[in-house]
Amino acid sequence: MKSTLPALLLAGFILLVLAVASLFVGVSDVSLSSLMSGDAKSLQVLLVSRAPRTAALILAGSSMAIAGMIMQMLARNRFVEPSTIGTVESASLGILAITVLAPGAPVIAKMITASVFAMAGTAIFLRILKFVPLRSVLLVPLVGIMLSGIIGAITTFFAYRLDLLQSLGAWMTGDFSVVLKGRYELLWIAGALGIAAYIAADRFTVAGLGQHFTTNLGLNYRRVMLLGLTIVSLVTASVVVTVGSVPFLGLIIPNVVAMMVGDNMRRSLPWVAILGAGFVLVCDIFGRLIIRPYEMPIGAVMGVIGAFFFLYLLLRRTSRAA
Amino acid sequence: MIAVEKITKTYGSSVVVDGVSITLPKGGVTSIIGPNGAGKSTLLSMVGRFLSADSGTITVGGLDVTKTPSDELAKRLAVLRQDNHLAVRLTVRDLVSFGRYPHSKGRYTVEDERHVNEAIAMLGLSGLADRFLDELSGGQRQRAFVAMVICQDTEYVLLDEPLNNLDIKHAVEIMRLVQQAARRLNKTMVVVLHDINMASTFSDVIVAMKNGQIVASGSPAEIIQPDLLSQIYETEIKVVPVGSRLVAIY
Ligand SMILES: Nc1ncnc2c1ncn2[C@@H]1O[C@H](COP(=O)(O)OP(=O)(O)OP(=O)(O)O)[C@@H](O)[C@H]1O
Ligand SMILES: [Mg+2]
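Residues numbered from 1 in each chain as written. Chains lettered and ligands numbered in written order. Predicted model: local features only at pLDDT ≥ 70, side-chain atom pairs only at ≥ 80, totals over all residues. Heavy atoms only, no water.

Chain B goes by ABC transporter permease in an unreviewed UniProt entry, where it is assigned to Nitratireductor aestuarii. For chain B, the Subcellular location (unreviewed entry) comment in UniProt is given as "Cell membrane". (UniProt positions renumbered as here; feature names shortened; annotations may be inferred.)

This paragraph deals with the overall build of chain A. A count of helices and strands for chain A gives 14 helices and 0 strands. Its helices and strands in sequence order give chain A the pattern α-α-α-α-α-α-α-α-α-α-α-α-α-α, from N to C terminus. Its C-alpha atoms give chain A a radius of gyration of 20 Å, near enough to 20 Å, the size a compact globule of 322 residues would have. A principal-axis box enclosing the C-alpha atoms of chain A has dimensions of 65 × 55 × 40 Å. Taking all 322 residues of chain A together, the buried fraction comes to 52%. Carbon and sulfur atoms make up 72% of the accessible area of chain A, which totals about 14500 Å². Taken as two groups, the 23 positive and 11 negative side-chain charges of chain A have centres that lie 13 Å from each other. (Helix = DSSP H or I, 4+ residues; strand = E, 2+ residues; numbered from the N terminus. Rg over C-alpha atoms; globule rule 2.2 N^0.38 Å. Buried < 20%, exposed > 50% of the residue type's maximum accessible area, 1.4 Å probe, protein only. Areas by Shrake-Rupley, 256 points an atom, 1.4 Å probe, with all protein chains shown as cover. Lys, Arg positive; Asp, Glu negative; His and termini not counted. Charge placed at Lys NZ, Arg CZ, Asp CG, Glu CD.)

With that out of the way, let us pick up the coordination of the magnesium ion (ligand 2). Residues and elements named next belong to chain B. Only S41 (OG) and Q82 (OE1) from the protein reach the magnesium ion (ligand 2) as donors, at distances of 1.9 to 2.1 Å. With S41 in helix α1 (residues 40-47) and Q82 in the loop between β6 (77-80) and α3 (92-98), this residue pair connects regions lying 41 residues apart in the sequence. Taking the relative accessible area as the measure of exposure, Q82 reaches 25% and is therefore partly exposed. (Donors = N, O, S within 2.8 Å, 3.2 Å for Na, K, Ca; no water.)

Applying the stated criterion across every chain, the model contains 2 aromatic pairs over all chains. Between F157(A) and F158(A) the ring centres are 5.3 Å apart and the planes differ by 75 degrees, which places this aromatic pair in the edge-to-face class. For F157(A), a relative accessible area of 43% gives the class partly exposed. You can call F158(A) partly exposed: its relative accessible area is 39%. Over the ring of Y198(A) we find R266(A); its NZ or CZ atom is 4.9 Å from the centre of that ring. One residue, K26(B), lies across the ring of Y156(B), its end atom 5.5 Å from the ring centre. (Phe/Tyr/Trp six-rings, centres within 6.5 Å; stacked < 30°, edge-to-face > 60°. Lys NZ or Arg CZ within 6 Å of the ring centre and 35° of its normal.)

What follows covers the UniProt feature "domain: ABC transporter" (unreviewed entry) in chain B. Here, UniProt's "domain: ABC transporter" (unreviewed entry) annotation points to residues 2-236 of chain B. Taken end to end, residues 2-236 of chain B has its terminal C-alpha atoms 33 Å apart, with 37% of it in helix and 26% in strand.

All names here are of chain B. Taken together, the neighbourhood of ligand 1 is formed by 13 residues, with N36, G37, K40, S41 and T42 sitting nearest. Between ligand 1 and T42, the relevant distance is 2.5 Å, taken from an oxygen atom to a side-chain nitrogen or oxygen of the residue. Residue Q82 places a side-chain N or O atom 3.0 Å away from an oxygen atom belonging to ligand 1. Protein chains bury 59% of the 640 Å² of accessible surface belonging to ligand 1 in isolation. Take the shell around ligand 1: its biggest share by element is 3 residues, from α1. Residue composition of the shell around ligand 1, grouped by class: 4 nonpolar, 7 polar and 2 charged. (Near = heavy atom within 4 Å. Polar contact = N/O pair within 3.5 Å; in protein donor to acceptor, adjacent residues only side chain to side chain. Nonpolar A, V, L, I, M, F, W, Y, C, P; charged D, E, K, R; others polar.)

In structure tokens, the structure reads:
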């Protein structure tokens, strides 16, 4: 395989350009000239709202894409990601629980509760997979969709009874317009977990080869699964708590990268991180521009683009198989 | 030395491996033969610590496989299973490189690189090294898996039906490779084979299994006998000497 480093650097540069562009898009005017002329209000907007928003987009985008890739390795299936197997729904249930039981709890407590729930939900998914005898490619995502449906229904039921449907909606749909300085910093945890995933990249690739290969190479399969499960759950929880669920990302990006450079995570993870962040930035800028001065929620933009893309992936697959 | 002592494995009420005891000497090629369902893969899985036995002990080079830390064992023992299909998209070189994991733990040295290149060349995969596994033929893929195990460079190597999907040329090449590893590097090679003539030609010891038990073991001259083979495979088998070899005809 030719080195992908030059292409990766180019992609990184494009991401940087997008990030800068993202800083200057929005309702109130922030431009280079207004900043240069020392306009205090412009600077204020940049520091309190725009820069945190851009940082949040990059952190959430890259870490959710990485979480999707890890999940695909653990489940040994291309068609799963945290929002299609119950991880996101479980995290929401966790936030709901702590909101009801300890309304004044700090946001970090919310995140920890959400993580614990997310972990439990994902563990149930992996547990069920163990009992699925024939690992058919389509059965695995179906099990996930069913499980996330059940957990989602339980969450909705309690939210309805407790009159919290509106809050639930906020957790389940990503919205970066709420990001302000002081209210997104948990996402740095997700970013740090992305780096942890890079350090453990070889283990996850080996786990993707299956239990026997993992054992043969001297790794403890259960421990690798647990590590992956922890990263996926913590990332999902921190994203859901701060900006709400960002669906599809973990599905699309790892699939694109697998087509480009394969699944050796040591090589593919930087690509997943950069493309994940880039895709979210593009969708967010698009959502801010299309119906100015209003904003289209990023979930809607991503849903449309993501659905088309997923269709393309499936059709491509069948035409190749035919 | 691989020492298997009174190993039993049952699934529900069916005894799949039935109190098997056998000692395989260090160095040399041992072939395991026997009909489908004889318990060959199950026995190999237990030696490779993929499966726990109901009772009995297994030691490889003096190390109890259930008690030795897995990463220690991975430097001594490499096992390739019968069926391998991957959901991940890796290149041949990626896969073979993972064979070095027990030694390098992910930090590849020049030494590791050399092992990888050697293993790729040995299995005639040099031209395919950068191809993805899902773009290869079944036999080419099988050779990539064998290369991965060879690359692990362990004293003990267990291969469950490594000749699956291979044409005659590549099957013979792999058996030569197995023989050379045993002769030149004094490795202990254990191979499950269905082709009894391959077993007859390339092994030092043949172990015959049936119904979860070892029914015979010995040199090829002792095992490649018409009566014994006919009884094991429940098929009439004749044996004719060709040059210095015994050839089974069925
Ligand atoms: N997980 C399992 N549950 C129940 N029975 C099993 C299981 N695995 C294997 N068996 C049974 O154990 C017996 C031995 O299987 P094994 O795979 O060891 O045979 P084998 O000698 O390798 O055969 P082959 O030449 O076909 O590879 C078979 O009868 C098989 O049906
Ligand atoms: Mg078998």
